[in-house]
Amino acid sequence: LMKSLKSVYLPWIVFGLVCASVSVWSIYIHKPDGQLHLRLMRCGEEASLVVQTPGGEILLVDPRGSVDELTSRLEARLSPWDFHVDTVLLTSRDSADELESLAQDINVGRVFLAPSSYRAEFGKGNLFLPEGIEAQKLLPGASVDLEPAFRLTLMAENDAGTALLLEYGETRVLIPNGVDFVEIKAAAPQAMSGLSALILDERDVSYIPPRVWRQLDAKWVLWNDVSLSPFESSAGLDAAAEVEFVSNGTENGVLSEAR
C-alpha cells in the first residue's frame, strides 16, 4: 500500500519542488542590484523609456506606441510575483491614452504629472486619467527623490513636453523631451554640464542640429526613436528593439542591445 501511495504522490512532490525552485530562482534574479537601469523599448512605431531605480522601483516615462508590445517587454523584465509599475510620469497629454490601456493590464501605483501635461497653455482639451490611480501634479522646476540616492528634476517645459534630469551619484542623464536647447539652457544651465548620457529623439533634432547637442560632450548618446539616428556611434532603437543603460553611480555604460 505504501509503495502504491508513493508512486501516486511522487510526481506531484517532484512537480511541487520544481515549482518552488523556479519561484525562488525567479525572485532571486529579479532582486534589485543597486544599479540604475534606463531601458529604451521599441513599442511598435514608437518608443518608451523605463527607469529601474537602484532600489528596484519602476518609473515609466510617457508610455507611447503599442501598449501590447510595451506590456510584453515589461513582463520580460519584471518579476511575475510582483508585476507592477510604481510610477508613471506624464510629460505629454498625448500619453494619457496609452496610460489608460496600460493600467488595464498592469497595476500602476501612481502618476506624476509634469506641467506640460496638465497646464492649459500646453494643450487643448482636458486630461483624463484612469480611476483609482493616485495623481500628483509637479510644479515647474520640481525635484523628486524617488530614493535617497536617485533624483528626478524637471528642467524646462513647452508644449512638446518637459525636459528631465536624472541623477544617481555622479551619473547625470539629460532627457530634453522635445524642449529647445536654448530653453533648457536658459531655465537650468546646470543641466548642460557633466552629463553621462543624453537621451534624444526625433523632436530634439527637428530644428536643433545634432552638432549642438554634441557640444554638451555627454559620454553616451541614446536614440529613443525608431527613426534613423543622426548621431554617429549612438546606441538606439533605430538598430535595436531594446537598449539598456546601466550605472552604479560612478561608472556607466550601455551593456546590452536586444535585436
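Everything here concerns the structure above.
Conventions used here
- Residues numbered from 1 in each chain as written.
- Predicted model: local features only at pLDDT ≥ 70, side-chain atom pairs only at ≥ 80, totals over all residues.
- Heavy atoms only, no water.
- Buried < 20%, exposed > 50% of the residue type's maximum accessible area, 1.4 Å probe, protein only.
- Helix = DSSP H or I, 4+ residues; strand = E, 2+ residues; numbered from the N terminus.
- Pairing = 2+ DSSP bridges.
- Contact = heavy atoms within 4.5 Å.
- 1 Å grid on protein atoms, 1.4 Å probe; cavity = no way out; pocket = protein on both sides within 12 Å on 5 of 7 lines; lining within 4 Å.
- Points joined across faces, edges and corners; volume = space filled by probe spheres on them.
- Nonpolar A, V, L, I, M, F, W, Y, C, P; charged D, E, K, R; others polar.
- Core = buried A, V, L, I, M, F, W, Y, C linked by side-chain atoms within 4.5 Å.
- Axes fitted to C-alpha atoms, helices over the stretch in contact; angles between N-to-C directions.
- Parallel < 35°, antiparallel > 145°, perpendicular 65-115°, else oblique.
- Left-handed = near helix turned anticlockwise from the far one by under 90°.

J.: Is there a simple way to think about the pairing of strand β14 (residues 242-247) in this case?
T.: Along a regular strand, successive side chains alternate from one face of the sheet to the other. Taken across its 6 residues, β14 has 6 buried, putting it largely inside the fold. Residues Glu 242, Glu 244 and Val 246 point to one face of β14 and Val 243, Phe 245 and Ser 247 to the other, with burial holding for every one of them. Bridge count for strand β1 (residues 36-43) against β14 is 6 bridges, and the pairing is antiparallel. Note on β14: the bridge partner recorded for His 37 is Val 246.

J.: Mind showing me how you'd approach the environment of Phe 83 here?
T.: Looking at where Phe 83 falls in the secondary structure, it is placed in the loop between α2 (67-77) and β4 (84-90). Exposure remark for Phe 83: the relative accessible area of 24% places this residue in the partly exposed category. When the C-alpha positions of Phe 83 and Ile 106 are compared, they lie 7.0 Å apart, and in sequence the two are 23 residues distant. What Phe 83 contacts, discounting residues up to four positions off in sequence, is Thr 71, Leu 74, Glu 75, Leu 78, Asp 105, Ile 106 and Asn 107.

J.: Where do I start with empty space enclosed by the protein in this structure?
T.: A probe matching the size of a water molecule, rolled over the atoms, marks out where space remains unfilled. Overall, the coordinates contain 1 cavity of 30 Å³ or more when judged by the stated rule. Roughly 40 Å³ of internal volume is contained in the largest cavity. As for the largest cavity, its lining consists of Gly 178, Val 179, Asp 180, Phe 181, Arg 203, Asp 204, Tyr 207, Ile 208 and Trp 213. Its residues assigned to classes, the lining of the largest cavity shows 5 nonpolar, 1 polar and 3 charged.

J.: It is not clear to me how the nonpolar core should be interpreted in this structure. Could you clarify?
T.: One broad rule of soluble globular proteins: the nonpolar side chains tend to lie buried together. Counting residues in hydrophobic clusters, the biggest one holds 32 residues, and the most contacted among them are Leu 38, Leu 49, Val 51, Leu 89, Leu 166, Val 173 and Ile 199. Excluding residues that lie within four positions of it along the chain, Val 51 makes contacts with Leu 36, His 37, Leu 38, Glu 57, Ile 58, Leu 59, Phe 150 and Leu 166. Of all hydrophobic cores here, the second largest spans 23 residues; its members include Leu 200, Ile 208, Ala 218 and Val 221.

J.: Just checking my understanding: could you explain the sheet that holds strand β7 (residues 143-147) for this structure?
T.: Where strands meet in a sheet, backbone hydrogen bonds hold them as pairs that are either parallel or antiparallel. Read across the open sheet, the 7 strands follow the order β7-β8-β9-β10-β11-β12-β13; overall the sheet is mixed. The strands lining the two open edges of the sheet, one partner per strand, are β7 and β13 (235-236). Pairing of strand β12 (residues 220-223) with β13 involves 2 bridges; the strand directions are parallel. Bridge assignment links Leu 222 to a residue of β13, and that residue is Ala 235.

J.: Got a minute to help me understand the environment of Ala 120 in this structure?
T.: Examined against the element boundaries, Ala 120 turns out to sit in the loop between α4 (115-118) and β6 (134-137). With relative accessibility at 65%, the residue Ala 120 sits in the exposed group. Put simply, Ala 120 and Asp 159 are 39 residues apart on the chain and 9.9 Å apart in space, counted from C-alpha to C-alpha.

J.: What am I meant to see in the packing of α2 against helix α3 (residues 96-103) here?
T.: In a packed pair of helices, the relevant descriptors are the angle between the two axes and the axis-to-axis distance. Contact geometry of α2 with α3 gives a least axis separation of 10 Å together with a crossing angle of 55°. With respect to their mutual orientation, α2 and α3 come out oblique. Once α2 is placed against α3, the crossing between them reads as right-handed. Contact with α2, carried on its side by Val 67, Leu 70, Thr 71 and Leu 74, involves Glu 98, Ser 101 and Leu 102 of α3 and no other residues of that element.

J.: What is the right way to read the pairing of β1 from this model?
T.: Counting buried positions over the 8 residues of β1 gives 7, a clear majority of the element. Of the strand pairs in this sheet, β1 and strand β2 (residues 46-52) are connected by 7 bridges, and their pairing is antiparallel. From the neighbouring strand, Leu 40 faces β2, where its bridge partner is Leu 49. In this structure, the hairpin formed by β1 and β2 is closed by a connection of 2 residues, where Gly 44 is found at a positive phi of approximately 70°.

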